[in-house]
Amino acid sequence: MNEAIATAGSSALVLDTAEEALGREVSTVEANALRVVIGNDADYANAGDITKAVKQMQKKVTEYWDPLRVSAKKTYDDVLARKKEMLSPLESAEKILKGKMSAYVTEQERKRREREGAMRKLAQQEVDRKLAEAAEAEAAGDAMGMEFAMAEAEVMDDVAKSGKVTGAAPKATGVSTSKAWKITSIDISQVPVEIAGAIIRPVDEKAVMALIKATKGSIKIPGIVYEETVNISVRA
């Protein structure tokens, strides 16, 4: 494969690789084919002989390249296998870390919602207490006291219904998060054939996930239990 063919020039000695020499032969064969003109039976027979030479050259080219192709394929497969072998633990490490980061963000959100729920519960208790105060003030003929109690009850009622506890999501350079959902269980007997215009029976998890994403996790589908998760994206 690496042999060299020496050709004498007028002023220098040029060494050609086997591939370059073979390439020149191929080009010569093509040029000869272009020059062929068939005007009689002899020309026709000559074209047949040239075609045979072309077939022989094709065989020669195949014999030259096939061992290289096989060798290159083996080298490629070996390199790819080694690459996969080295990437596998890194991919595992990435999955582990993202899983832990996702779990942390999810837990922080759970705690925020827990605090929010507790706040709303306290606000509702305060609403009930103020309404009771208003009723007592009204019974005692204390119109101003009743108005104050009712006004305070209205304020606390807003908190009880829509009060929010805000919390800054954990941050890390190059890391972003997005909401995701995963189905945790399916009771086929309870799943409807169609919901929100989408046919989901037999149970099509892709269609179900599309509905969940489209409603940002607010849709309720009989027989389907799902939970919110967090996707972690990291920019290197």
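That block above? That's the structure.
So, a few notes on the structure that sits alongside this text. The model shown is predicted, which means the values in this text are computed figures rather than measured ones.

### Re the nonpolar core
So, point 1. Ile200, Ile212 and Ile221 are the most contacted members of the largest nonpolar core, which totals 15 residues.
So, point 2. When residues of this core are traced back to their parent elements, those giving at least two are strand S3 (175–186), helix H4 (205–214) and strand S6 (224–234).
So, point 3. Among the elements that take part in this core, H4 stands out by supplying 5 residues, more than any other.
So, point 4. Not counting the four nearest positions on each side in its chain, Ile200 is found in contact with Val191, Pro192, Val193, Ile195, Ala207, Val208, Leu211 and Ile221.
So, point 5. With 5 residues, the next largest nonpolar core counts Ala18, Leu22, Val29 and Tyr64 among its residues.

### Here's the deal with the pattern of salt bridges
So, point 1. Under the defined criterion, the tally for this structure stands at 19 salt bridges.
So, point 2. Salt-bridge contacts for Glu94 lead to Lys98; the nearest nitrogen and oxygen are separated by 2.8 Å. Of this pair, Glu94 and Lys98 both sit in helix H2 (residues 41–139), 4 residues apart, roughly one helical turn.
So, point 3. By relative accessible area, Glu94 is classed as partly exposed at 40%.
So, point 4. Residues Arg112 and Glu109 are paired through a salt bridge, measuring 2.8 Å at the closest nitrogen-oxygen approach. Of this pair, Arg112 and Glu109 both sit in helix H2, 3 residues apart, which is roughly one turn of the helix.
So, point 5. Taking relative accessible area as the criterion, Arg112 reaches 17% and is therefore assigned buried.
So, point 6. Judged by relative accessible area, Glu109 falls into the partly exposed class, the value being 24%.
So, point 7. One continuous salt-bridge network, built from bridges that share partners, spans Glu109, Arg112, Arg113, Glu116, Arg120 and Glu228.

The rules behind these values
Residues numbered from 1 in each chain as written. Predicted model: local features only at pLDDT ≥ 70, side-chain atom pairs only at ≥ 80, totals over all residues. Heavy atoms only, no water. Core = buried A, V, L, I, M, F, W, Y, C linked by side-chain atoms within 4.5 Å. Buried < 20%, exposed > 50% of the residue type's maximum accessible area, 1.4 Å probe, protein only. Helix = DSSP H or I, 4+ residues; strand = E, 2+ residues; numbered from the N terminus. Contact = heavy atoms within 4.5 Å. Salt bridge = Lys/Arg side-chain N within 4 Å of Asp/Glu carboxyl O.

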